[in-house]
Amino acid sequence: MSNDACTEVFVGLDWAVRTHAVCLIDAAGAVLDRFEVTHDRDGLAELMRRLARYGQRLRIAIERPSGLIVDALVDAGHQVFPIHPNAVKASRPRYRSHGAKSDASDAYLLADLLRTDGHRWRALAPQSDDIRALRALVRSRDDLVAARVAAANQLTSTLQAFWPGAAVIFADVATMISLAFLRRYPSPRSAKRLTEAQLQRFCKTQHYSGRRSAADLLARLRAAATGHVGAHTEQAMAEVVRAQVAVLVPIVTQIAELSHRIEQFMHSLPDGLLMMSFPRAGQVCAAQILAELGDVRERFPSVEQLAAEAGAVPVTYQSGKTRSVAFRWACNHRLRKAITCLADNSRHANQWAKGLYQAARDRGCDHTHAIRILARAWLRVIWRAWTDRKPYDPALHGSALALASRQGG
């Protein structure tokens, strides 16, 4: 097929872990080609060869906005349109009433949705290599944090079953000093003769920076409830604790190393410095926002689109006299988490943010709702700074200045 006709070809790609189903149709919806490719080097090469028969810049619909195959298609010059799985699911009854699903039929559905409703979606614009690298670092760190939380919860549950004191002696069981303590004292019997002087030397060796003295820490250890298990069970549980500590230590270490790498990377990026300029944005939180926001300004031509992407605005359902407002579930959950983290932190350092949060609480909103309201307000400021490529400047923040003027600041 000639390149002149490539604009009349629509491609649907049903992504899977091992095999991808592909369907190409023409402007009338007739199938031009169907095939499957494996998710490996040869399969991707075959995909590019088959697509090249129909043109060098095809429009391709897929249910995911990122990943290896998406990057490969964008790098090859194709226009990739991510379609949310909810939209695909809602469209299936248009094509079949029996409710059955197959990869091949979903590939056709995606292609036909692009043919009939393509004006509703925006093609992906390739992000810079810097953003791709930052996103890889940030998302890997987020995944490790989730693994740390799960492993720490498991360790805490184990300790609560036979030695609760060890779970509360330090503020967090997943810190290096707590893990070092459990490695040395994995059971009540091993810490039975622990003295204040010994604990003080241990804390000094571990560079403990907490405010509690060795006497206070020892008192917390002794004041906790006592487990009632036999000697053999206690010995077995001690081995379990050592095993769980051995799992947690490298996770905590790698999180710290990735955090350091992210902080260094953020200082080398113009948009990184921009994002870190917001109150209490920090470095990791700012990196989480930037990794999802990206550096393609055309992706969010309005703040409303950004707010919807971040899940900072509710969804309104209205039919006749019935109207309801519901929480927005379909959004970029990583971006929402990062934006709400910034909002929560900012209210402790910014009077404008503190005032908005408190006003929402005074209206009866709970904490999470008030934080979402504040996040929505911050998104307007973030979008403007990001669009203009200028760091946050309190002297140009009109709402904050008006609040300071009313308060006589």
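Use the structure listed above.
Residues numbered from 1 in each chain as written. Predicted model: local features only at pLDDT ≥ 70, side-chain atom pairs only at ≥ 80, totals over all residues. Heavy atoms only, no water.

K.L.:
Account for the overall build of the protein chain, naming residues and giving values.
P.N.:
The secondary structure content of the protein chain amounts to 17 helices and seven strands. For the protein chain, whose C-alpha radius of gyration is 27 Å, the value lies well above the compact-globule estimate of 22 Å for 409 residues. When burial is assessed residue by residue, the protein chain has 43% of its 409 residues classed as buried. Across the protein chain, contacts joining residues at least 24 apart in sequence account for 59% of those joining residues at least 6 apart. As presented, the protein chain carries roughly 21600 Å² of accessible surface, and 52% of it is formed by carbon and sulfur atoms. Of the charged side chains in the protein chain, 55 are positive and 38 negative, and the gap between their average positions amounts to 8 Å. (Helix = DSSP H or I, 4+ residues; strand = E, 2+ residues; numbered from the N terminus. Rg over C-alpha atoms; globule rule 2.2 N^0.38 Å. Buried < 20%, exposed > 50% of the residue type's maximum accessible area, 1.4 Å probe, protein only. Contact = heavy atoms within 4.5 Å. Areas by Shrake-Rupley, 256 points an atom, 1.4 Å probe, with all protein chains shown as cover. Lys, Arg positive; Asp, Glu negative; His and termini not counted. Charge placed at Lys NZ, Arg CZ, Asp CG, Glu CD.)

K.L.:
Can you tell me about helix H15 (residues 351-362), naming the residues and giving the values?
P.N.:
Taking 1.5 Å of rise per residue, the 12 residues of H15 would be expected to cover 16 Å, and the 16 Å separating its terminal C-alpha atoms lies within 8% of that figure. Those residues of H15 that sit buried are Trp352, Ala353, Tyr357 and Ala360. One face of H15 carries all of its buried residues, which in axial projection span an arc of 130°. One side-chain oxygen of the residue at the start of H15 lies 3.0 Å from the amide nitrogen of Trp352, identifying that residue as Asn350. After H15 finishes, the residue Gly364 shows a positive phi value of roughly 100°. (Expected span 1.5 Å × (residues − 1). Arc of directions from axis to C-beta. Polar contact = N/O pair within 3.5 Å; in protein donor to acceptor, adjacent residues only side chain to side chain.)

K.L.:
Can you lay out the environment of Thr387 for me, pointing to particular residues and giving the numbers?
P.N.:
Looking at where Thr387 falls in the secondary structure, it is placed in helix H16 (residues 367-388). The class of Thr387 is partly exposed, set by a relative accessible area of 28%. Once the C-alpha coordinates of Thr387 and Glu292 are considered, the two residues, 95 residues apart in sequence, prove to be 15 Å apart.

K.L.:
Report on the nonpolar core, specifying residues and quantitative values.
P.N.:
A general trend in soluble globular proteins is that nonpolar side chains are found buried together. One finds Leu134, Met266, Met275, Phe278, Ile289, Trp378 and Ile382 to be the most contacted residues of the largest nonpolar core, which totals 51 residues. Among the secondary structure elements, those contributing two or more residues to this core are helix H5 (129-162), helix H10 (231-267), helix H11 (270-276), helix H12 (284-293), helix H13 (303-309), helix H14 (333-346), H15 and H16. Sorting elements by how many residues they give to this core places H16 first, with 12 residues. Not counting residues up to four positions away in its chain, the partners in contact with Met275 are Met266, Ala281, Ala286, Ile289, Leu290, Leu293 and Ile382. Counting 32 residues, the second-largest nonpolar core is a separate cluster that includes Ala174, Leu182, Leu217 and Val245. (Core = buried A, V, L, I, M, F, W, Y, C linked by side-chain atoms within 4.5 Å.)

K.L.:
Before we move on, could you go through unusual backbone geometry and cite the residues and values that matter?
P.N.:
Positive phi is not limited to glycine here, since Arg280 has a value of about 55°. Along the chain, the position of Arg280 falls in the loop between H11 and H12. In the Ramachandran plot, Arg389 falls in the positive-phi region, its phi being about 60° despite a non-glycine side chain. Along the polypeptide, Arg389 turns up in the loop between H16 and helix H17 (398-406).

K.L.:
Can you lay out the pattern of salt bridges for me, pointing to particular residues and giving the numbers?
P.N.:
Scanning all chains against the criterion turns up 17 salt bridges. Arg50 is the partner of Asp33 in a salt bridge, and the nearest nitrogen-oxygen pair spans 3.2 Å. Note that Asp33 is positioned in strand E3 (residues 31-38) and Arg50 in helix H1 (residues 41-52), a separation of 17 residues in sequence. The class of Arg50 is buried, set by a relative accessible area of 15%. A salt bridge links Arg384 to Asp388; the shortest N-O distance between them is 3.2 Å. (Salt bridge = Lys/Arg side-chain N within 4 Å of Asp/Glu carboxyl O.)

K.L.:
Describe the pairing of strand E4 (residues 59-62), with residues and values.
P.N.:
As paired strands, strand E1 (residues 10-14) and E4 are joined by four bridges and run parallel to one another. Considered in E4, the bridge of Val11 is made with Ile60. The sheet contact formed by E4 and strand E5 (residues 79-82) spans four bridges and is parallel. The partner of Ala61 across the bridge, within E5, is Phe81. (Pairing = 2+ DSSP bridges.)

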